[in-house]
Amino acid sequence: MALLRCRGLRKEFGGQVVLDGLDLTVAEHQVVALIGASGSGKSTLLRCVNLLEELHDGTIELDGEEISAPGVDPDKVRRRIGMVFQSYNLFPHLSVLDNITLAPRRVHRRSRTEAEARARELLDRVGLGAKANAYPDRLSGGQQQRVAIVRALANSPRLLLLDEVTSALDPELVGEVLTMIRDLKADGMTMVLATHEMGFARDVADQVCFLDGGRVVEHGPPEQLFGEPTQPRTRQFLARIIEAGRL
Amino acid sequence: MSATLHHEPSPAQRARAAHRRRQTVLSVLIAAASTAAVGTLLAIAVTGAPGWNRVRESFLDPEIARDALPRVLTGLWLNVRLLVCCAIGALLLGLLIAVLRTLRGPVFFPIRALAAGYTYTFRGLPLIIVLYVLTLGVPGLRLQGMPPVLVLGGLALVLTYGGYLAEVFRAGIESVHPSQLAAARSLGLTYRQTMRHVVLPQAVRRVAPPLLNDVVALQKDVGLVSLAGPIDAVRAAQIATAQTFNYTPYIVAGVLFVLLAIPLIAVTDQVTLRAARRQSGG
């Protein structure tokens, strides 16, 4: 069964149509990569799925339940969806440990001991155990982004949304974040990721969706989409990427 | 290859360091000389003025100062107590109003409008008028259980300063980047939890220096309750002056006010400095 099903999503910003009847289905344990030019609607789609943006049409189902229906409590929906942002968005006034335990303690009502034990376990697994008491501004970009992913994982989400998570990183720090995402895939985490890293999309994704003009123009397994794209717009986009030396 | 910690400076670096040391010594000497020169000139100008002896007698009489000190100190104690109560009250009121002004949704329109109306009114109203209305007008209603004039005066101060502090808090709340809200909401935190655990801690830290600055200003204004009767330090000095026809008690009160302000201003400066250091990444 599909874990996430978006049907006919529409979103406008000040008269400009960003999502124009977009359909997307994500099965459990699947990793879906969204590629496309800036402004093609990748980030907007992720923000809509997490109910951070108001929809102008269409429906979103999570685990068969329509989360875009009126009367659904968005706070309850977001507890089941983790989200990681391009610029990390860690809370600068809280230590790494407090960043991670904030939602488990306040939203899921776990005890401090329980939440901290789980946070330390997750941090150890990604090699950041020594940074538990550090503040975000003392960490490198790659470390901050890995903490942000741990923070999202601490809620044990059903679905993880990753919005250009390596775009703000120095090239030598991209690898450590991508390794972590690969490990998550191995653990069976369902993920939707917007990315400019074509090599990574090809490597980690089960499905790649090419977005253009607010719709999924073409989707398929990476070999197919990168190897023999059928749509002219996809070919154009990939040609530009190859020209820029990004694939 | 690891960087060596022990490093023998080159002749070029040694020459630069020596030059910098000479410059520092020279700057200190120039500063000391110019301070001494200005100080001497000022002293000569004031003490050499034709009316200096009269002014010294009526403003700097040590005997009168000694006599007035206990009374002025008693008055100052009232200032201190009033300052502590009013500062706490105004900070809490300001924070409450600022949070109310950020509430969204049509349900909260009346609350938002009321909070906005409050900050507009009390930032515009002169404190003295609020004081007169509350301490002279309100008791005139002769209601049951009317609080004493001192409490009403304190209330006037809280209402006036609460308006200013609310705007400072609001500026702090609005300075927190929307991406922080998005991150908090994406974790499932409710609007209230986001405010309490993510927005307000960052906002208050950022505006701590201007908040404390307003408290320093409040310290001078608490004395205005004396317009309604209670005797604060300035009023005590005024009474002493009226008895002796000598202005020395005012100088005594002024010196005490400055002494009282110094710790508060020092704390403000330190908080400002720490905030600036944190901003620059420390």
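Residues numbered from 1 in each chain as written. Chains lettered and ligands numbered in written order. Predicted model: local features only at pLDDT ≥ 70, side-chain atom pairs only at ≥ 80, totals over all residues. Heavy atoms only, no water.

Some remarks on helix α5 (residues 141-153) of chain A
Phase 1: With 13 residues, α5(A) should reach 18 Å at 1.5 Å per residue; the first-to-last C-alpha distance of 18 Å fits that figure.
Phase 2: Here α5(A) lies mainly inside the structure; 13 of its 13 residues are buried. (Helix = DSSP H or I, 4+ residues; strand = E, 2+ residues; numbered from the N terminus. Expected span 1.5 Å × (residues − 1). Buried < 20%, exposed > 50% of the residue type's maximum accessible area, 1.4 Å probe, protein only.)

Details of the interface of chain A and chain B
Phase 1: Facing the 23 residues of chain A at the interface are 19 residues of chain B.
Phase 2: Note on chain A versus chain B: buried area summed over both sides is about 1800 Å², and carbon and sulfur give 57% of it.
Phase 3: Remark: the boundary between chain A and chain B carries one salt bridge.
Phase 4: Note that Arg185(B) is salt-bridged to Asp75(A), the shortest N-O span being 3.1 Å.
Phase 5: Remark: the boundary between chain A and chain B carries seven residue pairs in polar contact (both at pLDDT 80 or more).
Phase 6: Counting residues per element, the ones that place at least two in the side of chain A that touches chain B are α2 (74-78), β6 (81-84), α3 (96-106) and α5 of chain A.
Phase 7: No other element matches the three residues that α3(A) contributes to the side of chain A that touches chain B.
Phase 8: Residue classes in the side of chain A that touches chain B are distributed as 11 nonpolar, four polar and eight charged. (Contact = heavy atoms within 4.5 Å. Buried area = accessible area lost by both parts, 1.4 Å probe. Salt bridge = Lys/Arg side-chain N within 4 Å of Asp/Glu carboxyl O. Polar contact = N/O pair within 3.5 Å; in protein donor to acceptor, adjacent residues only side chain to side chain. Nonpolar A, V, L, I, M, F, W, Y, C, P; charged D, E, K, R; others polar.)

So, the sheet that holds strand β2 (residues 16-27) of chain A
Residue and element names in this part refer to chain A.
Phase 1: The four strands are arranged β2-β1-β4-β5 in an open sheet whose pairing can be described as antiparallel. Looking at the sheet topology across the chains shown, the edges are occupied by β2 and β5 (65-66).
Phase 2: Note that strand β1 (residues 2-13) and β2 share nine bridges and pair antiparallel. What sits directly across from Lys11, in β2, is Leu19. (Pairing = 2+ DSSP bridges.)

A short note on the nonpolar core
Phase 1: Among the nonpolar cores identified, the biggest contains 51 residues, and Ile35(A), Leu160(A) and Ile181(A) are the most heavily contacted of them.
Phase 2: For this core, the element with the most residues is helix α6 (residues 171-186) of chain A, which contributes seven residues.
Phase 3: Setting aside its immediate chain neighbours within four residues, Leu160(A) contacts Gly82(A), Met83(A), Val84(A), Ala152(A), Leu153(A), Leu184(A), Met189(A), Thr190(A), Met191(A) and Val192(A).
Phase 4: Core analysis: the second largest hydrophobic core is formed by 41 residues, Ile60(A), Leu94(A), Val192(A) and Ala182(B) among them. (Core = buried A, V, L, I, M, F, W, Y, C linked by side-chain atoms within 4.5 Å.)

A short note on the packing of aromatic side chains
All names here are of chain B.
Phase 1: What the rule picks out here adds up to five aromatic pairs over all chains.
Phase 2: Pairing Phe59 with Tyr247 gives two aromatic rings, centres 5.1 Å apart and planes at 20°, and the pair type is stacked. Residue Phe59 is located in helix α2 (residues 52-59), and its partner Tyr247 is located in the loop between α9 (233-244) and α10 (248-279); the two are separated by 188 residues in the primary sequence.
Phase 3: Seen in terms of ring centroids, Tyr247 and Tyr250 are 6.4 Å apart; in terms of plane orientation they differ by 20°. Their pairing is stacked.
Phase 4: For Tyr247, a relative accessible area of 41% gives the class partly exposed. (Phe/Tyr/Trp six-rings, centres within 6.5 Å; stacked < 30°, edge-to-face > 60°.)

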